[in-house]
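# Structure at a glance
Residues per chain are reported as follows:
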Amino acid sequence: MTPIHLFVTESDRARYQNQARREKKSLGAWLREAAEEKLAAATRSGCFTLDDLRRFNDECDAREEGNREAEWLEHKRTIAESKVHGFNRA
């Protein structure tokens with residue numbers, strides 16, 4: 001590996017070091033990972049593939065685990081009922 005000298009303020013170094021410790025990484029490993037993430041973000045084309053979209057949807061579904069979004073027909077039925085019967089507060 002080739003060393004890189006990086007000048008940062010003492011307070012920034014402390015913040016970076018604290019975060020690296022929280023992630024159980026060395027400061028060098030944490031900085032390399034941050035640089036790689038920055039580079040990857042800068043080199044993305046901005047376009048998403050179908051696989052990217054599927055992966056995103058799967059991640060969203062996993063986060064929502066058990067909280068099901070109503071299907072569109074169910075939403076339409078609720079809207080139609082509220083037009084006929086009004087909004088009833090429980």
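Residues numbered from 1 in each chain as written. Predicted model: local features only at pLDDT ≥ 70, side-chain atom pairs only at ≥ 80, totals over all residues. Heavy atoms only, no water.

### Details of the pattern of salt bridges
Under the defined criterion, the tally for this structure stands at five salt bridges. Linking Arg 15 and Asp 12 is a salt bridge whose minimum nitrogen-to-oxygen distance equals 2.8 Å. Highlighted residues: Arg 15 and Asp 12, both in helix H1 (residues 10-22), separated by three residues, approximately one helical turn. Glu 23 is paired through a salt bridge with Lys 25; the nearest N and O atoms lie 3.2 Å apart. Residue class for Glu 23 comes out partly exposed when judged on its relative accessible area of 31%. Each of Glu 23, Lys 25 and Glu 33 takes part in salt bridges that share partners, so that together they form one network. (Salt bridge = Lys/Arg side-chain N within 4 Å of Asp/Glu carboxyl O. Helix = DSSP H or I, 4+ residues; strand = E, 2+ residues; numbered from the N terminus. Buried < 20%, exposed > 50% of the residue type's maximum accessible area, 1.4 Å probe, protein only.)

### Here we look at helix H3 (residues 50-64)
Along its 15 residues, H3 runs 21 Å from first to last C-alpha, staying within 8% of the 21 Å computed at 1.5 Å per residue. Within two residues after H3, Gly 66 carries a phi angle of roughly 90 degrees, on the positive side. (Expected span 1.5 Å × (residues − 1).)

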